[in-house]
Amino acid sequence: MKPRDQFLDNTVADTNLGMKRDPLHFRTIWISDVHLGTTGCQAQRLLEFLRATESDTLYLVGDIIDGWQLKRRWYWEQSHNNVVQLVLKKAKKGTNVVFVPGNHDEVIRQFIDLDFGGIKIRDELIHTTANGKRMLVLHGDRFDGVIACAKWLAYVGDNLYTMILKFNQWFNSWRARAGLPYWSLSQYLKGKVKNAVNYITSFEDALAAEAAKKGLDGVICGHIHKPEIRDINGITYCNDGDWVESLSALIEEPSGELRLVTWGEIMQLKKASKLAGVEDLCALPS
């Protein structure tokens, strides 16, 4: 059985065992690159994910709000507002919410080390997992050579990326009408273009080297919209993905194990849990 299938089966089994239909609980959840304020943001799916899950700690690992795009043109759907309200509600109810700003919401970096509405603003920090692993948590943009050395080029790339996402929305609307699954053009291009592959590899290596320099076991970041967990020279590199294309998050189980999950997998678990609940009710004696 594949590890992801095992995760789904175990989670459903644990839910059934207690005969509860509560949100799925994890020790920690990391999400990043939501890009609220853009047409490409999948805010409604993120809402569904956040409503279906709970955690002791929730890390917002940068680019949650896209200040770059909002400067050019104001765009703010009700679903974007709902995401902000739900995160604030989680903080109020006791979830430890930590916001690590990225380059798109860099304006918030002026509030580093302050707390607002129960949300802690931090530049970077060390997270210790339940099994004792010490992980560096940061957005990662300062290890991006384009951002660090030629910010104007990053803005050009951001505009091009926005154009690709708009085409991607149109293309996937057509695919949905044709009964075909979602397909990401930008992720396909990243995987095929040699320079993009080299850029991603260099970024991942740089983050792993930073964690090693600090004497840590691994690093958790966002920024490049590529969900990944892999070993780099003995360092565990984790990227939690994004909520524009991959719709992914990184989670820590009570044991300390780190896994990538997607919106689709969480919705599958939720559906399976509901179906199990119906079966339990049907099995009750009349």
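Presented here is a report on the structure given in the accompanying data block. (Residues numbered from 1 in each chain as written. Predicted model: local features only at pLDDT ≥ 70, side-chain atom pairs only at ≥ 80, totals over all residues. Heavy atoms only, no water.)

## A closer look at the overall build of the chain
- Looking only at helices and strands, the chain features nine helices and twelve strands.
- Across the 286 residues in the chain, those meeting the buried criterion constitute 47%.
- Considering only contacts in the chain between residues 6 or more positions apart, those separated by 24 or more positions represent 68%.
- Summing over all exposed atoms, the chain offers an accessible surface of approximately 14,600 Å²; the carbon and sulfur share of this is 57%. (Helix = DSSP H or I, 4+ residues; strand = E, 2+ residues; numbered from the N terminus. Buried < 20%, exposed > 50% of the residue type's maximum accessible area, 1.4 Å probe, protein only. Contact = heavy atoms within 4.5 Å. Areas by Shrake-Rupley, 256 points an atom, 1.4 Å probe, with all protein chains shown as cover.)

## What about a positive patch on the surface?
- A contiguous patch of positive charge on the surface is contributed by Arg51, Lys89, Lys93 and Lys270.
- A relative accessible area of 68% means that lysine 93 is categorised as exposed. (Patch = residues over 30% accessible without salt bridge, like charges linked within 9 Å, V, L, I, M, F, W, Y side chains within 5 Å. Salt bridge = Lys/Arg side-chain N within 4 Å of Asp/Glu carboxyl O. Lys, Arg positive; Asp, Glu negative; His and termini not counted. Charge placed at Lys NZ, Arg CZ, Asp CG, Glu CD.)

## Brief notes about a nonpolar patch on the surface
- A contiguous nonpolar surface patch, about 260 Å² in accessible area, is contributed by Phe111, Leu114 and Phe116.
- Taking relative accessible area as the criterion, phenylalanine 116 reaches 42% and is therefore assigned partly exposed.

## Considerations on helix α4 (residues 78-92)
- Compared with an ideal rise of 1.5 Å per residue, which puts 15 residues at 21 Å, α4 spans 21 Å between its outermost C-alpha atoms and is within 8% of the ideal.
- Each element contacted by the buried residues of α4 is listed here: α2 (43-52), β2 (53-60), β3 (96-99) and β5 (119-121).
- In the segment just after α4, glycine 94 is the residue with positive phi, at about 115°. (Expected span 1.5 Å × (residues − 1).)

## Topic: the pairing of β3
- Examined bridge by bridge, β2 and β3 share four bridges and lie parallel to one another. Following the sheet pairing, leucine 60 is matched in β3 by phenylalanine 99.
- Of the strand pairs in this sheet, β3 and β5 are connected by three bridges, and their pairing is parallel. Counterpart to phenylalanine 99 in the pairing with β5 is isoleucine 121. (Pairing = 2+ DSSP bridges.)

## Overview of the sheet that holds strand β8 (residues 218-221)
- Pairing in this open sheet of five strands is mixed, and the strands run β6-β7-β8-β10-β9 from one edge to the other. Only two strands of the sheet have a single neighbouring strand rather than two, namely β6 (125-128) and β9 (228-232). Each adjacent strand pair in this sheet contributes to an overall mean axis angle of 25°, direction not counted.
- As defined by bridge partners, β8 adjoins strand β10 (residues 235-239) across four bridges and the pair is classed as parallel. Bridging across to β10, glycine 218 finds its partner in threonine 236. (Axes fitted to C-alpha atoms, helices over the stretch in contact; angles between N-to-C directions.)

## Section: the packing of α2 against α4
- In the contact formed by α2 and α4, the axes pass within 9 Å of each other and the chain directions differ by 20°. Considering their axes alone, α2 and α4 lie roughly parallel with respect to each other. Handedness of the α2/α4 crossing: left-handed. Contacts between α2 and α4 pair Ala43, Gln44, Leu46, Leu47, Leu50 and Arg51 from the former with Ser79, His80, Asn82, Val83, Leu86, Val87 and Lys90 from the latter.
- When its residues are assigned to classes, the contact of α2 with α4 shows seven nonpolar, four polar and two charged. (Parallel < 35°, antiparallel > 145°, perpendicular 65-115°, else oblique. Left-handed = near helix turned anticlockwise from the far one by under 90°. Nonpolar A, V, L, I, M, F, W, Y, C, P; charged D, E, K, R; others polar.)

## Thoughts on the packing of aromatic side chains
- Across all of its chains, the model carries four aromatic pairs by this definition.
- With 5.2 Å between their ring centres and 55° between their planes, phenylalanine 49 and tryptophan 243 make a pair best called tilted. Taken together, the residues phenylalanine 49 in helix α2 and tryptophan 243 in the loop between β10 and β11 (248-252) connect sequence positions 194 residues apart. Accessibility assignment for this pair places phenylalanine 49 and tryptophan 243 in one class, buried. (Phe/Tyr/Trp six-rings, centres within 6.5 Å; stacked < 30°, edge-to-face > 60°.)

## Observations regarding the pattern of salt bridges
- Scanning the model with the defined rule gives 13 salt bridges in all.
- Lysine 214 is the salt-bridge partner of glutamate 210, the closest N and O atoms lying 3.6 Å from each other.
- Exposure remark for lysine 214: the relative accessible area of 40% places this residue in the partly exposed category.
- Within this structure, Glu124, Arg142, Glu210, Lys213 and Lys214 form a network of salt bridges that share partners.

## Considering the sheet that holds β2
- Spatially, seven strands are ordered β4-β5-β3-β2-β1-β11-β12 in an open sheet, and the strand pairing comes out mixed. The strands lining the two open edges of the sheet, one partner per strand, are β4 (115-116) and β12 (258-262).
- One ladder, built from five bridges, connects β11 with β12; its direction is antiparallel. Directly across from isoleucine 251, in β12, lies its bridge partner arginine 259.
- Across the sheet, α4 lies against β2, β3 and β5, angled at about 110° from β2, the strand it touches most.

## Observations regarding the side chain of arginine 259
- Secondary-structure assignment places arginine 259 in strand β12.
- The class for arginine 259 is buried, based on a relative accessible area of 16%.
- A distance of 3.2 Å separates the side chain of arginine 259 from the side chain of glutamate 257, its partner in a polar contact. (Polar contact = N/O pair within 3.5 Å; in protein donor to acceptor, adjacent residues only side chain to side chain.)

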